[in-house]
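The primary structure of each chain is shown beneath.
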Amino acid sequence: IKYGGKLNKQTLKLNSMSENVEFGDDNEEEIELTAAEVLQQLEQAWLNERFSPELLECKIELVECMIDQITEMEENIKRAKKGDFKISLHRMEIDRIRYVISSYLRCRLQKIEKFTTYVLENERQRKDDEPTRISQEEFTFAKDYAETLEEHLRNVALRHMPPNLQTLDPKQTTVKPNLDNYVF
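The model shown is predicted, which means the values in this text are computed figures rather than measured ones. (Residues numbered from 1 in each chain as written. Predicted model: local features only at pLDDT ≥ 70, side-chain atom pairs only at ≥ 80, totals over all residues. Heavy atoms only, no water.)

Q: Looking at this model, I keep getting lost on the packing of aromatic side chains. Mind explaining?
A: Working definition: an aromatic ring pair is given by the centre-to-centre distance plus the angle between the planes. By the definition in use, this model includes two aromatic pairs. A ring pair is formed by W46 and Y99, whose centres lie 6.0 Å apart and whose planes are at 85 degrees; its orientation type is edge-to-face. Taken together, the positions of W46 in helix α1 (residues 35-51) and Y99 in helix α3 (residues 85-114) put the pair 53 residues apart, joining distant regions of the chain. For W46, a relative accessible area of 12% corresponds to the buried category. On the numbers, 5.9 Å between centres and 25 degrees between planes, the contact of F141 with Y145 is stacked. With F141 and Y145 both in helix α5 (residues 136-156) and four residues apart, this pair spans about one turn of that helix. Judged by its relative accessible area of 29%, F141 falls in the partly exposed class. Owing to a relative accessible area of 28%, Y145 belongs among the partly exposed residues under this scheme. One Lys or Arg, R50, reaches over the ring of F51 and ends 6.0 Å from the middle of that ring. (Phe/Tyr/Trp six-rings, centres within 6.5 Å; stacked < 30°, edge-to-face > 60°. Helix = DSSP H or I, 4+ residues; strand = E, 2+ residues; numbered from the N terminus. Buried < 20%, exposed > 50% of the residue type's maximum accessible area, 1.4 Å probe, protein only. Lys NZ or Arg CZ within 6 Å of the ring centre and 35° of its normal.)

Below you can see the structure in the form of structure tokens.
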């Protein structure tokens, strides 16, 4: 599995996750991490995303890696003996990892929905050498969501307004994250 982002090497011991996973890109050096280290990086990204007032850099490679790891763990569970106590522990671990992944993605989508025009404008103004904050799928979702929201507002409210109030100015309607919030 290839990873194009930058990771800090840290250690976390989990019983069911001892395989090594390789990360890297053609332009960057490859980093070899265990699945437990990838999980720790994902958990750190999840916590950072939850406590940050703005959308942070996307870590979709970590999510995809952990989804692959979950698939392998489920295959290992199918091959295990039926009465083994370890099966229930592994299933609980899989459920925990799924929760982290879904919560991380849900948090990102909530921020994209809340700050749609802000996120799209920042992505348009981003320089090529800067890391992207949203994945291609998230960008497509944000674009479609903004178009649908604007169409809905036009159909429901704006068409009933006087002609001089029937325009939506993105500069006036943009909701921005409060970057002066305290984060704990």
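There's more to say after this.
Q: Just checking my understanding: could you explain the side chain of T116 for this structure?
A: Tracing the chain through its elements places T116 in helix α4 (residues 116-125). Take T116: its relative accessible area is 6%, and that puts it in the buried class. Reaching out from T116, the side chain makes a polar contact with the backbone oxygen of I112 at a distance of 2.7 Å. Within the structure, the side chain of T116 is placed 3.1 Å from the backbone oxygen of E113, a separation counted as a polar contact. Not counting residues up to four positions away in its chain, the partners in contact with T116 are A142, Y145 and A146. (Polar contact = N/O pair within 3.5 Å; in protein donor to acceptor, adjacent residues only side chain to side chain. Contact = heavy atoms within 4.5 Å.)

Q: Help me understand a nonpolar patch on the surface, please; the structure alone is not making it clear to me.
A: A contiguous nonpolar patch, built from L47, F51 and V183 and spanning about 250 Å² of accessible area, is present on the exposed surface. Counting through the fold element by element, L47 comes out in helix α1. What makes L47 partly exposed here is its relative accessible area of 34%. (Patch = residues over 30% accessible without salt bridge, like charges linked within 9 Å, V, L, I, M, F, W, Y side chains within 5 Å. Areas by Shrake-Rupley, 256 points an atom, 1.4 Å probe, with all protein chains shown as cover. Salt bridge = Lys/Arg side-chain N within 4 Å of Asp/Glu carboxyl O.)

Q: Quick question: what am I supposed to make of the pattern of salt bridges here?
A: Where charged atoms from two side chains of opposite charge approach closely, those side chains can pair. Taken as a whole and assessed by the stated rule, the structure comprises 10 salt bridges. Across the salt bridge formed by R96 and E43, the nearest N and O atoms sit 2.6 Å from each other. Taken as a pair, R96 in helix α3 and E43 in helix α1 lie far apart in primary sequence, 53 residues in all. The partly exposed category is assigned to R96, whose relative accessible area is 33%. Connected via shared salt-bridge partners are E49, R108, K111 and E138.

Q: Is there a simple way to think about α5 in this case?
A: Think of an α-helix as turning once every 3.6 residues; residues three or four places apart then point the same way. In this model α5 runs 30 Å from its N-terminal to its C-terminal C-alpha over 21 residues, within 8% of the 30 Å that 1.5 Å per residue would give. Every buried residue of α5 is accounted for by E138, F139, A142 and A146. The buried residues of α5 occupy an angular sector of 100 degrees when projected down its axis, which confines them to one face. Away from the buried face of α5 by more than 90 degrees, exposed residues Q136, E137, T148 and E151 are located. Buried residues along α5 sit against α3 and α4. (Expected span 1.5 Å × (residues − 1). Arc of directions from axis to C-beta.)

In short, shape yes, function no, at least from these values alone.
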